[in-house]
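# Coordinate analysis (summary)
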Amino acid sequence: MCRVVDLRQAVLAKNDAGAHELRAHLAARGTVVVNLLSSPGSGKTALLERELLCARERSVPVAALTADLATENDAARLARSGVPVKQVLTDGLCHLESGMLAGHLEGWLPDDTRLLFVENVGNLVCPASYDLGETLRVTLASVTEGEDKPLKYPTAFGLAHLVVVTKTDIADAVEFDEAAFRANVEQVNPGVEVVLTSARRGQGVGVLLDRAMAAADGAPVHSPVMARQPHHHGHTHTHTHADDGHTHAHPEATGAMAHTHS
Amino acid sequence: MHEMSVALAVVDQVAEAAARAGSVTAVRSVRLQVGELAGVVPDALAFSFELACAGTLLEGAELVTEAVPGRARCAPCAHEWATGMPPRLTCPVCDGTRTELLAGRELQILDVHWDDGRRQSPSPTHATAREPIPEER
Ligand SMILES: [Zn+2]
């Protein structure tokens, strides 16, 4: 016979559970993950190379894992910094998932690693949906990518704990409108810090490492509006959640529920 | 295009639930809630879903997507608004930044319509299937 079965399962539940597990596992051994998201050609690798060198100078044990569809150039470049680097080919997959990352770390990641930088696959769409167990998620864009980049990729910018602008040395040449960029970031992610960098001139180099170290030391990271769970407690509404048969997605106002289920 | 990964995750979860329930012969449809800010393109998802279902218990199943508009609320001034896309997450009334997202990030399987080989029984015999709550229709 025919049945309707209520499942009510988050589609990415498996990835999220894997991410929580990995985060806890790494935290227990003192390692924190920094997930770096950007479009191809954003200058992410050049900046990361500088940050890794910086970490070496400060004697912070770091490692980097770079995920790419094909080339090996990024890994070779990062390896010049002298820190452990691993190249992962995703076989055409447009993003990393937490289970894949966990598998790649096994038997490779040195025990004393404090910070693991993960250079995610180069695009701003797919990786945004997958928690990798990171403590700090950083979204990067170069000045050449335009001020409206945050509005074109609201999930990537909206879920970032930190936004990094690269290649500021050519900002004038490409007429980068910093104020407009900042306003667009603010629209999708109110309160997130925006850091300006130039790997070539050294501007802002070391800031990413500073923020990562602060997060690793337990300093609170920015909480993006988009990442907050809709289930809030202790707020102004005195609505009780006693009847557990209810949907958990819209606990707030009945007005909102009526709206979304029209 | 991660819609393929999303579709595969949906198929996996439904197939698992069907295996737990036992004796499911075919899945007719899957109802999915997709928030406006979930970062998923419904058309791409529908296309991927068809491919992901091929050769599984879900072969030929229909994907029904229920869109959830993004809604936000300003904590200080209590104003509520539709976020739109790209979303506006600062308050349009007071310019505040302490915003709560009420809806729009959903990406979940609501329910599944399937056939099982069982005859109509007076009481559900799904003692082992904890998650799915079958309701006969
Ligand atoms: Zn307000």
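Just above, that's the structure.
The sections below set out a description of the structure shown in this document. (Residues numbered from 1 in each chain as written. Chains lettered and ligands numbered in written order. Predicted model: local features only at pLDDT ≥ 70, side-chain atom pairs only at ≥ 80, totals over all residues. Heavy atoms only, no water.)

### Observations concerning the overall build of chain A
A tally of helices and strands in chain A yields 9 helices and 8 strands. Classification of the 262 residues of chain A by burial places 52% in the buried group. Contacts in chain A between residues far apart in sequence, at least 24 positions, make up 74% of those at least 6 positions apart. By element, 51% of the accessible surface of chain A is carried by carbon and sulfur atoms, the whole surface being about 11300 Å². (Helix = DSSP H or I, 4+ residues; strand = E, 2+ residues; numbered from the N terminus. Buried < 20%, exposed > 50% of the residue type's maximum accessible area, 1.4 Å probe, protein only. Contact = heavy atoms within 4.5 Å. Areas by Shrake-Rupley, 256 points an atom, 1.4 Å probe, with all protein chains shown as cover.)

### Here we look at the packing of aromatic side chains
We describe a pair of aromatic rings using the distance from one ring centre to the other and the angle between the two ring planes. Residue and element names in this part refer to chain A. Here the structure, examined in full by the defined rule, presents 2 aromatic pairs over all chains. Pairing F157 with F181 gives two aromatic rings, centres 6.3 Å apart and planes at 85 degrees, and the pair type is edge-to-face. Taken together, the positions of F157 in helix α6 (residues 154–158) and F181 in helix α7 (residues 178–188) put the pair 24 residues apart, joining distant regions of the chain. With relative accessibility at 2%, the residue F181 sits in the buried group. With 5.5 Å between their ring centres and 55 degrees between their planes, F176 and F181 make a pair best called tilted. Pair check on accessibility: F176 and F181 agree, each one buried. (Phe/Tyr/Trp six-rings, centres within 6.5 Å; stacked < 30°, edge-to-face > 60°.)

### Let's talk about the coordination of the zinc ion
Residue and element names in this part refer to chain B. Coordination of the zinc ion by the protein involves C74 (SG), C77 (SG), C91 (SG) and C94 (SG), with metal-donor separations of 2.3 to 2.4 Å. Given 4 donor atoms and angles of 103 to 120 degrees at the metal, the environment of the zinc ion is assigned as tetrahedral. In primary sequence terms, the donor set of the zinc ion follows C-x2-C-x13-C-x2-C. Of this pair, C77 sits in the loop between β3 (71–74) and β4 (80–82) while C91 sits in the loop between β4 and β5 (99–103), placing them 14 residues apart in sequence. (Donors = N, O, S within 2.8 Å, 3.2 Å for Na, K, Ca; no water. Tetrahedral: all angles 85-135°; square planar, octahedral: opposite > 155°, others 65-115°.)

### What to know about the environment of A173(A)
Take A173(A): it is sitting in the loop between β7 (162–166) and α7. Given the relative accessible area of 68%, A173(A) is considered exposed.

### Examining the sheet that holds strand β6 (residues 136–142) of chain A
Residues and elements named next belong to chain A. Pairing within the open sheet is parallel, and its 7 strands lie in the order β4-β3-β5-β2-β6-β7-β8. Sheet topology places β4 (85–89) and β8 (193–196) at the edges, where each strand pairs with a single neighbour. Direction aside, neighbouring strands of the sheet carry axes that sit 20 degrees apart on average. Here β7 pairs with β8 via 4 bridges, running parallel. Looking across to β8, one finds that V164 is bridged to V195. (Pairing = 2+ DSSP bridges. Axes fitted to C-alpha atoms, helices over the stretch in contact; angles between N-to-C directions.)

### Observations regarding the packing of helix α2 (residues 44–57) of chain A against helix α8 (residues 207–216) of chain A
Residues and elements named next belong to chain A. At a minimum axis separation of 9 Å, α2 and α8 run at an interaxial angle of 60 degrees. With respect to α8, the element α2 is oriented oblique. Crossing of α2 over α8 shows right-handed handedness. Between α2 and α8, the residues in contact are E51, C54 and A55 and V207, L208 and L209, respectively. (Parallel < 35°, antiparallel > 145°, perpendicular 65-115°, else oblique. Left-handed = near helix turned anticlockwise from the far one by under 90°.)

### Let's talk about the nonpolar core
For soluble globular proteins, the rule of thumb is that nonpolar side chains tend to be buried together. Core analysis: the biggest nonpolar cluster contains 32 residues, and V30(B) and F49(B) have the highest contact counts within it. Mapped onto this core, the elements with two or more residues apiece are β1 (2–10) of chain A together with α1 (3–21), β1 (24–35), α2 (42–53) and β6 (107–116) of chain B. The biggest single contributor to this core is α1(B), with 9 residues. Once residues within four sequence positions are removed from consideration, V30(B) is found in contact with V10(B), V14(B), F49(B), L58(B), E62(B), L63(B), V64(B), I109(B), D111(B) and V112(B). Among the nonpolar cores identified, the runner-up in size contains 27 residues, and L36(A), C54(A), L78(A) and V195(A) belong to it. (Core = buried A, V, L, I, M, F, W, Y, C linked by side-chain atoms within 4.5 Å.)

### Describing the side chain of R137(A)
Residue and element names in this part refer to chain A. Its place among the elements puts R137 in strand β6. Note on R137: relative accessible area 6%, which makes it buried. At 2.8 Å, the side chain of R137 and the side chain of E134 are in polar contact. With near-sequence residues (within four places) excluded, R137 lies in contact with N35, L37, P127, A128, Y130, D131, L159, A160, H161 and L162. (Polar contact = N/O pair within 3.5 Å; in protein donor to acceptor, adjacent residues only side chain to side chain.)

### Things to note about the pairing of strand β5 (residues 115–119) of chain A
Residues and elements named next belong to chain A. Here β5 lies mainly inside the structure; 5 of its 5 residues are buried. Across the two faces of β5 the burial is the same, with L115, F117 and E119 and L116 and V118 all buried. Bridge count between strand β2 (residues 32–37) and β5: 5 bridges; the pairing is parallel. Bridge pairing links V33 to L116 in β5. Inspection of the sheet shows strand β3 (residues 62–68) paired to β5 by 5 bridges, in the parallel sense. The residue of β5 that forms the bridge with V62 is L115.

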